[in-house]
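# Coordinate inspection notes
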Amino acid sequence: VSFALVLAEITGTRVLQTLFAGVALGAKYALVALGFVIIFKATGVINFAQASFVTLGAYLTYTAFNTWGWNFYVAIGVAMVGCALVGVAVEAAVLGRMVGQPPFTLIMVTIGILYVLDNVITAIWGPEQLDMRAPFAGTTTEVGGVVLAHRELWSIGITVVVLIAFFLFFRYSSLGLAMRATALDQEAAMAQGINPRVVFRTSWAIAGTVAALAGVMLASGPAALNPSIGLIALAAFPAMILGGLDSPLGAVVGGLIIGLVQQFTALLQPEYAPWLGTSFERVSPYLVMIVILLVRPYGLFGTKEVRRV
Amino acid sequence: MAALSMPFTRVRGGRPHRNLATDRRADLRVFPGPFAKLGVVGLVALYVVIPGQLENPDLNILALCGIYAIAALGLNLLTGYAGQVSLGHATFFGTGAFAANWFATRWDLNILLYLPLAAAMGFLLGLAVGPFALRLRGNYLAIVTLGLLFVGEHVFNNWRSVTGGSRGTPSGEMRAVIGPFDFEDLEVAGVVYERPQSMFWLIWAVVAIVAVLVKNVARTRPGRALQAVRDRDVSAEAIGVSLARTKIAAFAVSGALAALAGGLYAVWKEYVNTADFGGQLGLLLSITFVAMIIIGGVGTVMGGIIGALIVWGGQELIKKYSDSGLLSWFIQDPTNAEDPSWFSVGEFNNIVFGLAIIAFLMVEPRGVAALWLRVKAYFLTWPFRY
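## Some words on the pattern of salt bridges
Residue and element names in this part refer to chain B. Summed over all chains, the structure comprises 9 salt bridges over all chains. A salt bridge links Glu-270 to Arg-195, with the shortest nitrogen-to-oxygen separation between them at 3.7 Å. Residue Glu-270 is located in the loop between α11 (243–269) and β6 (271–272), and its partner Arg-195 is located in helix α8 (residues 195–219); the two are separated by 75 residues in the primary sequence. With a relative accessible area of 21%, Arg-195 lands in the partly exposed category. Between Arg-230 and Asp-231 there is a salt bridge whose closest N-O contact spans 3.1 Å. By relative accessible area, which is 34% here, Arg-230 ends up partly exposed.

This is how it looks when you write it as structure tokens:
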């Protein structure tokens, strides 16, 4: 009897509401994961400092909008440019000099950058909770009993736009072609006159831009801006790995899967499997990632690495 | 360093140093020369003398350095020798801390039993994690071990009967009695020592035992297998090294040493805080271990110990002298709100920590130990250059 009761409680609007929350969360993961993928595809670096770019983007928007009083959308643009510049600076100062190092070294270098940037950000803006006061922060629309927060709709919309922009950029621009060529075979690309340095810096700039957008979306809720919003990047790792390290489409699909898994675990697990403990949804992305990796070691859309002696 | 072949000794105009390893047997020596023996004597002398010379707060810093050094030695076996990345070592450390506390208080065991049992729990966890390294490599493995941190945090938070849930558990009841010596309350030949002094002796004795153990693993057949797997795993398999056994054993032994360090931490700290081993702080602890071996020296035994002293000791030194000279210029005085300096002590420490990782990886990826090895190699191989 209680089982049927639970089922009755968890039907209809609650499922739809969870579906929406999952897609919205997945969109944020996807934005962060896209930043990871674009850098990895071009340079072979897993950039842990992406977390700092996310935080920096949110704080730059905050300052341009609330302190300088600029238009909100202009402020986002400022943050995107700022993060892109920081990305290029990081590439020029550190990672550009470390091409060809083993993955472990590259990961640790970006972790070092993460600690430097994160603490500089905290030193500048302080550890307090801040309120972004984004124009779409508190507004909602109700459709058939499902409450759609506008900031979540914005996250989904921006992810879709970014994905389309990615597709157009890589498909039709000559720089996009150069980046695809470099990802495929760096030496052959250089022989065709492509400058890998330009390609590397462009990918860091794009990653910074996307990270700034992700930061704004994460911080747009009421009093949601604090120095640890970048930690979502840790939860975006499963999304990136799940899709395959070098696939932009994989990042988005992985993000959606992780977002949905997390929200539906939060909905269902306390009712059906309470023995798994409180806040089990926080580990569910990692468990999904581990299972999928054991079945497909290079993710869903990743390129299989060929090894020779 | 690989054994060098003989022809070098016949070049006219000079002969390499007599301590230079020119064959397999010489390369396996524990003491490569008389100075190595002298060095050991010096270290033993320091070990005996230090607790009488330093103040208690400094001894506590050194004790924690020693605990971290044990974990770093274990991680160096895994990362430095076997080339497998782990960002999840805080979970092994935490497992050891909770296990040691549980065995010590529930089963009322002696330290000679509960520390090995804690290490055994780390070993078992390593056995469980190791197989992932067979299927996954490099970047993918790093992220999966990152996942271990979050799974570990979840288990620690929810297994309340053992861990006390998210608040952690006091571990002051753990006794540290070995034979006639009670390290909580040490009295030798009528002289009573304070707790920080006896804890220093206990912890650094374990560091020495672990260092000898790791050195012996590294210089014999298992160590060569680990290095072959690190350098190129497909080739290692082709010459008969079992990848499965080697990688899983590396994870298990490394996990056991981290858990042993965790057990000592529980004894020393008298409180085990769950938050230290999972999530953000757990990641910081794991990365601190990795930073220790990078800065100390990847793939050397001394590297883990030097790294622990530099990374942890350095942070504590900055904390201690944050109000003096150049440092006060950067670091804010927490009691003075007017102080225009930029950073809090914690922020400044983390920035220095990050910059040190970046600087070492860019300039000297083999760490402080490599500086010494390079000087040594210069004199040993003189007049030859490499």
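Back to the text.
## Side note on the confidence of the model for chain A
The pLDDT averaged across chain A works out to 87; a share of 95% of its residues lies at or above 70. Element-level pLDDT for chain A is lowest in helix α1 (residues 2–9) of chain A, with a mean of 54, against a maximum mean of 94 in helix α4 (residues 72–93) of chain A.

## Section: the interface of chain A and chain B
With 51 residues of chain A at the contact, the number on the chain B side is 44 residues. Buried surface at the junction of chain A and chain B, summed over both partners, amounts to about 4,200 Å²; 77% is from carbon and sulfur atoms. Between A:Arg282 and B:Glu153 there is a salt bridge whose closest N-O contact spans 3.6 Å. Joining chain A to chain B, the criterion identifies 3 residue pairs in polar contact (both at pLDDT 80 or more). Mapped by element, the contributors of at least two residues to the side of chain A that touches chain B are α5 (103–125), α10 (232–243) and α12 (284–295) of chain A. Residue contributions to the side of chain A that touches chain B peak at 16 residues, all from α5(A). Class assignment of the residues belonging to the side of chain A that touches chain B gives a composition of 36 nonpolar, 10 polar and 5 charged.

Definitions and cut-offs
- Residues numbered from 1 in each chain as written.
- Chains lettered and ligands numbered in written order.
- Predicted model: local features only at pLDDT ≥ 70, side-chain atom pairs only at ≥ 80, totals over all residues.
- Heavy atoms only, no water.
- Salt bridge = Lys/Arg side-chain N within 4 Å of Asp/Glu carboxyl O.
- Helix = DSSP H or I, 4+ residues; strand = E, 2+ residues; numbered from the N terminus.
- Buried < 20%, exposed > 50% of the residue type's maximum accessible area, 1.4 Å probe, protein only.
- pLDDT = per-residue confidence, 0-100.
- Contact = heavy atoms within 4.5 Å.
- Buried area = accessible area lost by both parts, 1.4 Å probe.
- Polar contact = N/O pair within 3.5 Å; in protein donor to acceptor, adjacent residues only side chain to side chain.
- Nonpolar A, V, L, I, M, F, W, Y, C, P; charged D, E, K, R; others polar.

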